[in-house]
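# Chains, contacts and geometry: an overview
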Amino acid sequence: MRRDCVFPNTKFVYSDEHKKINYDEIGYFVENLIEKGAKTRVVDPFGTIQVECDSEFYAYGADPLTKNVVEKKIKYFIKGPLTEEWVKITTATNRTYTMTLNHDFMYLDENDEFKFKKAKDINVDDKVLVLDYFKPKINYNPKFNLVKEFIENVPNSILQRIRIENSDLFFKTLVKKVGRKNICKSLNLKSKYNRNLYRWYKAVPLTDFKKLVDLNLVLIDDLPNSSKLRCLFGKFKFNIKLEINDNLASLLGYFTAEGHLHTNKTTKQISFRNSTKSIVNKIFNSTLSCFGIKPILEENNTKVTICYDLIYYLFKYCFKIGSNAHNKKVPPFLYNTPDHIVSSYISAYIDGDGTVIPETKVISFSSVNLSLLDDLAFLLTRFNLIGRFFINNPRLPGRTVLENYKRLQKEPKYSIRNDLTYRGKDAQKLGLLLKLEHLGKKSEVEEILTLKPINRRALSYNHKQLELCSFGDSFVDYVKKVEIIKDKAHSYCLEVEWKEKEERNIIWGQQIINTRCDGDEACVILLMDLLLNFSKKFIP
């Protein structure tokens, strides 16, 4: 019996041993565990691999009775064999979920109780449970420790170019305690430092400090708050603590909407493009407030550029925000911040790449990157908001980009714009959270808020307007399309602690709540089959 699992780019909600919430693709997560040396073993004749957790992880699913979110300890992960055929469903809210043909699929019966069938037996009109409320217990530090984040996330080839300064006395005290020869030997310092560490005290490479931490000679938090970070050949010194506040959240929101990371042999840049003066001013002032530096204004004040390597590395490696429209994501730390921080982030995104339509009571987020919109939809479940996904037809880029193509004598490329839309009751709830700089959009949001309060939600399905049924922390969606797709890839899954089959469900990508693979119970069936069909002939 082989294990049946989900497509590798399927996301799942989990928390680590510190109870910090994450939302990642399961294929990426499991492969990262394997790369880091997690224990593995083959568990069936098909080559399925069981991957042990290197620390405690928890998944989240729905209680079978109340449909409220419950926490479940993850026992291990699964990497399945290469699969060529998959079942892909699309729901009435345009959520998708892709799994192997024999994967157990959880649906709701006429009494909204959990039932199961094989994925290949899914029918149009089957009811699916979808998460609509997830309020994490806030576990965040209002100060972002740059030294800690850089050591944990930035490659050593870059760390060796970053220096810790303004900490002379701290390192002199450490050397006096440990001994100069021991320090030089541990760090493999050049012989010239054996007699005089003056230059080293003034500018300690982050790679050296990382070694000291690994050797348990020092703790990251031991560094004095007056310490600074500086890149080689750079003049500006940055504080080692960065405050997580509304200004930083806004800056990240504008970047997610319309920012880019650029690099070449000599420079590393973070750029924003916007023609609205109030938004440009907000980006400029937020940068100054967060980092103490003034960005460059270019192209008639429609382009804002930050030209500091350290901030570039922070965005790329620590915030993990992506570099362009196709690979951006919500910075993971935002899932663990207070509501006002999240509100500032989504407000900036709407300012930059959102649409407000008072006539239809709609507020929507737009992006060519559907995965990013999935991140935003999950982030907004803390406010009990239900969004719908829409995929539009391919279109040419805007006038400015078309002019650039023409100038470079290149053929313009079509792109597909996706929308995450909140309408009616959800648009009014979302509108109350927004703090916009774009005067036109701000006025349109105010218009939506002045309309008569909407107390019900409707779901457009099968040419009908159905009342959207919500209970517990979930709502009922409907399968509107089932298709078999061909794509050769490994399947992935996980095993959680459970007692009844109905408790095996977890929150997957696009907030669909469904079961994980038939893990331990498959082993039990195999064992029972061996016992029932045992023969002395098996004994050599």
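No experiment lies behind these values; they were computed from the predicted model shown. In this numbering scheme, every chain counts its residues from 1 along its sequence in written order. For a predicted model such as this one, the threshold for reporting local features is a pLDDT of at least 70, and the threshold for listing and counting side-chain atom pairs is 80 or more; totals across whole chains, interfaces and linings nevertheless cover every residue. Neither water nor hydrogens contribute to the side-chain values; these are computed over all heavy atoms in the structure.

### Observations concerning the sheet that holds strand β24 (residues 418-423)
Pairing between strands is defined by DSSP: at least two bridges between the two strands are required. Helix and strand assignments follow DSSP, with helices taken as H or I runs no shorter than four residues and strands as E runs no shorter than two, numbered in order from the N terminus. On the basis of which strands lie adjacent, the open sheet formed by four strands has the order β21-β22-β24-β23 and antiparallel pairing. Here the strands that pair on one side only, and so sit at the sheet edges, are β21 (354-357) and β23 (388-391). The mean inter-strand angle of the sheet, taken between neighbouring strand axes irrespective of direction, is 25°. Strand direction decides the pairing type here: strand β22 (residues 362-367) and β24, joined by six bridges, are antiparallel. Residue pairing for β24: serine 366 is matched across the bridge by aspartate 419. The strands that helix α12 (residues 370-379) touches are β22, β23 and β24; relative to β24, the one it contacts most, it runs at about 25°. By definition, residues are in contact when any of their heavy atoms lie within 4.5 Å. Orientation is described by lines fitted to C-alpha atoms, with helices fitted over the stretch in contact, and by angles between N-to-C directions that extend from 0 to 180 degrees. Across the sheet, helix α15 (residues 439-450) touches β21 and β22, and the angle it forms with β21 is around 45°.

### Brief notes about the packing of helix α8 (residues 246-258) against helix α9 (residues 277-291)
Two packed helices can be described by the angle between their axes and the distance between those axes. The interhelical angle for the contact between α8 and α9, taken along N-to-C directions, is 130°, at an axis separation of 9 Å. With respect to α9, the axis of α8 lies oblique. Crossing geometry of α8 relative to α9 is assigned as left-handed. Residues Asn247, Leu248, Ser250, Leu251 and Tyr254 of α8 form the contact with α9, whose own contacting residues are Ile279, Lys282, Ile283, Ser286, Thr287, Ser289, Cys290 and Phe291. Throughout this entry, Asp, Glu, Lys and Arg are counted as charged residues, while Ala, Val, Leu, Ile, Met, Phe, Trp, Tyr, Cys and Pro are counted as nonpolar. The remaining residues, Gly among them, count as polar. When its residues are assigned to classes, the contact of α8 with α9 shows seven nonpolar, five polar and one charged. Any angle that is under 35 degrees is reported as roughly parallel, and any over 145 degrees as roughly antiparallel; angles of 65 to 115 degrees are reported as roughly perpendicular and all others as oblique. Left-handed describes a crossing in which the near helix is turned anticlockwise from the far one by less than a right angle; the clockwise case is right-handed.

### Description of the nonpolar core
Residues enter a nonpolar core if they are buried and are Ala, Val, Leu, Ile, Met, Phe, Trp, Tyr or Cys, with the set joined through side-chain atoms within 4.5 Å. To sort residues, take the accessible area from a 1.4 Å probe on protein chains only and compare it with the maximum for the residue type: under 20% means buried, over 50% means exposed, and anything in between is partly exposed. Core analysis: the largest hydrophobic core is formed by 110 residues, its most contacted members being Phe150, Phe171, Trp200, Phe209, Phe315 and Phe365. Once residues within four sequence positions are removed from consideration, phenylalanine 365 is found in contact with Ile346, Tyr349, Ile350, Asp353, Leu373, Leu376, Leu380, Asn418, Asp419, Leu420, Tyr422 and Leu430. Grouped together as the second largest cluster of nonpolar side chains are 41 residues, Phe77, Ile89, Tyr97 and Tyr461 included.

### Here's the deal with the sheet that holds strand β20 (residues 303-306)
Across the sheet, four strands lie side by side as β17-β18-β20-β19; this open sheet has antiparallel pairing. Edge positions in the sheet fall to β17 (259-263) and β19 (296-298), since each has one partner strand and no second. With strand direction ignored, the average angle separating the axes of adjacent strands in the sheet is 25°. Both β19 and β20 contribute to a ladder of three bridges, which runs antiparallel. For glutamate 298, the partnering residue across the bridge sits in β20 and is lysine 303. The strands touched by α8 are β17 and β18 (268-273); relative to β18, the strand with the most contacts, the crossing angle is about 80°. Strands in contact with α9 are β18, β19 and β20; relative to β20, the strand with the most contacts, it is inclined by about 15°.

### Topic: helix α11 (residues 339-353)
Helix span is expected to be 1.5 Å times the residue number reduced by one. For α11, spanning 15 residues, the distance from its first C-alpha to its last is 21 Å, which sits close to the expected 21 Å at 1.5 Å a residue. Within α11, 12 of the 15 residues are buried, which leaves it mostly tucked inside the rest of the structure. For α11, the set of buried residues is Ile341, Val342, Ser343, Ser344, Tyr345, Ile346, Ser347, Ala348, Tyr349, Ile350, Asp351 and Gly352.

### A short note on the pattern of salt bridges
Salt bridge, as used here, is a side-chain nitrogen of Lys or Arg placed within 4 Å of a carboxyl oxygen of Asp or Glu. Counted by the stated rule, this structure contains 25 salt bridges. Note that lysine 329 is salt-bridged to aspartate 24, the shortest N-O span being 3.6 Å. Note that lysine 329 is positioned in the loop between α10 (309-318) and α11 and aspartate 24 in strand β2 (residues 21-25), a separation of 305 residues in sequence. In this structure, glutamate 165 and arginine 230 form a salt bridge, with 2.6 Å as the shortest nitrogen-oxygen distance. Taken together, the residues span a long stretch of sequence, with glutamate 165 in strand β12 (residues 162-165) and arginine 230 in strand β14 (residues 228-231) at a distance of 65 residues. Look at glutamate 165 and you get buried, because its relative accessible area is 6%. When its relative accessible area of 17% is taken as the criterion, arginine 230 is described as buried. Through salt bridges with shared partners, a single ionic network connects Asp104, Lys118, Lys501 and Arg504.

### A few points about the packing of α8 against α11
It is at 7 Å that the axes of α8 and α11 come closest, and there the two elements cross at 35°. The hand of the α8/α11 crossing is right-handed. Facing α8, whose interface residues are Asp246, Ala249, Ser250, Leu252, Gly253, Tyr254, Thr256, Ala257 and Glu258, α11 presents His340, Ile341, Ser344, Tyr345, Ala348, Tyr349, Asp351, Gly352 and Asp353. Here the contact of α8 with α11 is composed, by residue class, of eight nonpolar, six polar and four charged.

### Comments concerning the confidence of the model for the protein
pLDDT runs from 0 to 100 and stands for how confident the predictor is about each residue. In the predicted model, the protein carries a mean pLDDT of 92, and the fraction of residues at 70 or more is 94%. Under a pLDDT of 50 for its full length, residues 520-532 has, in the predicted model, 11 contacts with residues more than four places off or in other chains. Throughout residues 536-540 the model reports pLDDT below 50, and contacts reaching past four residues in sequence, or to other chains, amount to two contacts.

### A closer look at the pairing of strand β26 (residues 464-467)
Relative to β26, strand β25 (residues 458-461) is paired through four bridges, and the arrangement is antiparallel. In the sheet register, serine 460 faces β26, and the bridge partner there is glutamine 465. Between β25 and β26, which pair antiparallel in sequence order, lie two residues; one of them, asparagine 462, sits at a positive phi of approximately 55°.

### A short note on the environment of proline 8
With respect to the secondary-structure elements, proline 8 resides in the segment before β1 (11-15). On the accessibility criterion, proline 8 (18% relative accessible area) is buried. The spatial distance from the C-alpha of proline 8 to the C-alpha of alanine 489 is 7.4 Å, given a sequence separation of 481 residues. If near-sequence neighbours (up to four positions away) are discounted, proline 8 is found in contact with Glu25, Ile26, Gly27, Tyr28, Trp86, Ala489, His490 and Tyr492.

### Side note on the state of the cysteines
A disulfide bridge is the covalent bond that connects two cysteines by way of their sulfur atoms. Disulfide: a pair of cysteine sulfur atoms within 2.5 Å of each other. Within the structure shown, the criterion is met by zero disulfides. Cysteine cysteine 307 remains unbridged, with the sulfur of cysteine 231 as its closest cysteine sulfur at 13 Å.

### Re the pairing of strand β9 (residues 114-118)
Bridging between strand β8 (residues 104-108) and β9 involves five bridges; their strand directions are antiparallel. Each residue of the ladder has a partner; that of aspartate 104, found in β9, is lysine 118. Adjacent in sequence and paired antiparallel, β8 and β9 are bridged by five residues, among which aspartate 112 carries a positive phi angle near 60°.

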